[in-house]
Amino acid sequence: MAGRNEILCQVYQEPLKLFCKDDEALVCMVCVKSGEHKDHRILFLEEVSPEYKEKFAIFLDMLKKERDRIVKQVTGEKRQMVTNFRELHSLLEKQENRLVAQLEEVEEEVGRNRDQHLIKFSEALSSVDSLIQEVKEKCQQPPTELLQGARSLLQRCEGKPKFRNPVRFSLALKWKIWETSNPNPNFGG
Ligand SMILES: [Zn+2]
Ligand SMILES: [Zn+2]
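In short, a report on the structure.

What follows concerns the coordination of the zinc ion (ligand 1). The zinc ion (ligand 1) binds to the protein through C9 (SG), C28 (SG) and C31 (SG), with metal-donor distances spanning 2.0 to 2.3 Å. Between consecutive donors of the zinc ion (ligand 1), the numbers of intervening residues give the motif C-x18-C-x2-C. Pair check on accessibility: C28 and C31 agree, each one buried.

Checked against the element boundaries, K21 lands in the loop between β1 (18–20) and β2 (25–27). Its relative accessible area of 16% is what places K21 among the buried residues. Separated by 21 residues in sequence, K21 and I42 have C-alpha atoms that sit 6.1 Å apart. Apart from residues lying up to four places away in sequence, K21 is in contact with R41, L43, V48, E51 and Y52. Looking at K21, its side chain comes within polar contact range of the side chain of E51, at 3.0 Å.

Counted according to the given criterion, the structure contains nine salt bridges. Salt-bridge contacts for K55 lead to E51; the nearest nitrogen and oxygen are separated by 4.0 Å. Here the residue K55 and the residue E51 both occupy positions in helix α2 (residues 45–140), the gap between them amounting to four residues, near one helical turn. What makes K55 partly exposed here is its relative accessible area of 37%. Given a relative accessible area of 34%, E51 falls into the partly exposed group. Across the pair D61 and K65 runs a salt bridge, and its minimum N-O distance is 3.5 Å. With D61 and K65 both in helix α2, this residue pair falls four residues apart, about one helical turn. Owing to a relative accessible area of 56%, K65 belongs among the exposed residues under this scheme.

Definitions and cut-offs
- Residues numbered from 1 in each chain as written.
- Chains lettered and ligands numbered in written order.
- Predicted model: local features only at pLDDT ≥ 70, side-chain atom pairs only at ≥ 80, totals over all residues.
- Heavy atoms only, no water.
- Donors = N, O, S within 2.8 Å, 3.2 Å for Na, K, Ca; no water.
- Buried < 20%, exposed > 50% of the residue type's maximum accessible area, 1.4 Å probe, protein only.
- Helix = DSSP H or I, 4+ residues; strand = E, 2+ residues; numbered from the N terminus.
- Contact = heavy atoms within 4.5 Å.
- Polar contact = N/O pair within 3.5 Å; in protein donor to acceptor, adjacent residues only side chain to side chain.
- Salt bridge = Lys/Arg side-chain N within 4 Å of Asp/Glu carboxyl O.

Structural data, given as C-alpha cells:
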C-alpha cells in the first residue's frame, strides 16, 4: 500500500521509491524488474536527494546573483532615463522660451503693421471725404462761383489716385511668421 507521501507509478501503480540516475526519473520496483532500466544506476531516493539538493542550491545562488544584476541594471537605467528626461525637458523649455520671444516679436510687428495699415485707410478716407465736401459745396454755389476753379476741381476728382489696399504684411514679416510657426527642429539655437 502507498504511504501518505508516496507517488504511484502511472504504469504499474506501485510506489515510486527508487530513482534512475540515467533517466533522472522516479521509478518503481516493477519498472526496474521489467528491464526498462537495464544497466541504469538505480538508487534509493534518500541516497540521491542530497546531491540534487546541492545542485538546486547552486542554481538558486546563481539565479539570485542574476536577479541582483538585473535590479542594479534597471536602477542604473532608470537613473539615466531621469537624467535624459531632465536634459530634454530643459532643452524644450529653452526652445519654448525662444519661440515665445519670437512670437511676441512677431505679434508686436503685426500690431505695428496693422496700425500703419489703419492710418493709411483713415488718411485715404479723410482725403476722399474732404473732396466730397468740396464738390458738394461747389454744387450749392451760384453759377459764377460754381464755374470758378471748376477745371482744377474736376482734375483733382479725375486725378484722385484710386485708393489701393496696402499690402497687409511685408514679405519679411510673412517670412518671420512662417519661421515662428515652423521652428527649426535643431535645439539650442
Ligand atoms: Zn513503475
Ligand atoms: Zn533508467
